[in-house]
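One letter stands for each residue in the lines below.
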Amino acid sequence: MNQIIVAIDSDGSPTPPSLDSVTNALDERFAHLEAMSVIVTGQAHEEFCNWSDEIQGDYLWAIYERVKELRALWGYQQKLLATHQQNVA
């Protein structure tokens, strides 16, 4: 299950992530996904095809899990944006 990581204040209480931190997390994870996809679609594709079926499957599963994580983060970012827009208005 994907979770949003929260920061811990000095008093030990959880603090929800900021819009900036969620946006940064999205940028980082999109960069990871892009790099992972190069292995299966780019110049390294031939090497990927030489991996065992089990390793190929595990690698593709990792890409799928990253996509699910991105969807969850994007949804959370949209909620934060809506809240921010309501507070500004």
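To be clear, the structure that these remarks concern was listed above.
This text gives an overview of the structure that appears in the document. All figures in this text were calculated on a predicted structure; none of them were measured in a lab. (Residues numbered from 1 in each chain as written. Predicted model: local features only at pLDDT ≥ 70, side-chain atom pairs only at ≥ 80, totals over all residues. Heavy atoms only, no water.)

Here we look at the packing of helix 1 (residues 19-41) against helix 3 (residues 53-88)
When two helices pack together, their arrangement is given by the angle between their axes and by how far apart the axes lie. The geometry of helix 1 relative to helix 3 is characterised by a closest axis approach of 10 Å and an angle of 155 degrees between their N-to-C directions. Between helix 1 and helix 3, the angle falls in the class roughly antiparallel. In this structure, helix 1 meets helix 3 at a crossing whose hand is left-handed. Classifying every residue of the contact of helix 1 with helix 3 gives 20 nonpolar, three polar and three charged. (Axes fitted to C-alpha atoms, helices over the stretch in contact; angles between N-to-C directions. Helix = DSSP H or I, 4+ residues; strand = E, 2+ residues; numbered from the N terminus. Parallel < 35°, antiparallel > 145°, perpendicular 65-115°, else oblique. Left-handed = near helix turned anticlockwise from the far one by under 90°. Nonpolar A, V, L, I, M, F, W, Y, C, P; charged D, E, K, R; others polar.)

Observations concerning helix 3
The end-to-end C-alpha distance of helix 3 is 52 Å, a good match for the 52 Å that 36 residues give at a rise of 1.5 Å each. Listing the buried residues of helix 3 in full gives Gln56, Tyr59, Ile63, Arg66, Glu69, Leu70, Leu73 and Gln77. Packed against the buried residues of helix 3 are helix 1 and helix 2 (45-50). (Expected span 1.5 Å × (residues − 1). Buried < 20%, exposed > 50% of the residue type's maximum accessible area, 1.4 Å probe, protein only. Contact = heavy atoms within 4.5 Å.)

What to know about the nonpolar core
Membership of the largest hydrophobic core is limited to 11 residues, which are Val22, Ala25, Leu26, Leu33, Met36, Val40, Phe48, Tyr59, Ile63, Leu70 and Leu73. With six residues, helix 1 is the single largest residue contributor to this core. Ignoring sequence-local partners within four residues, the contact set of leucine 70 consists of Leu26, Arg29, Phe30 and Leu33. (Core = buried A, V, L, I, M, F, W, Y, C linked by side-chain atoms within 4.5 Å.)

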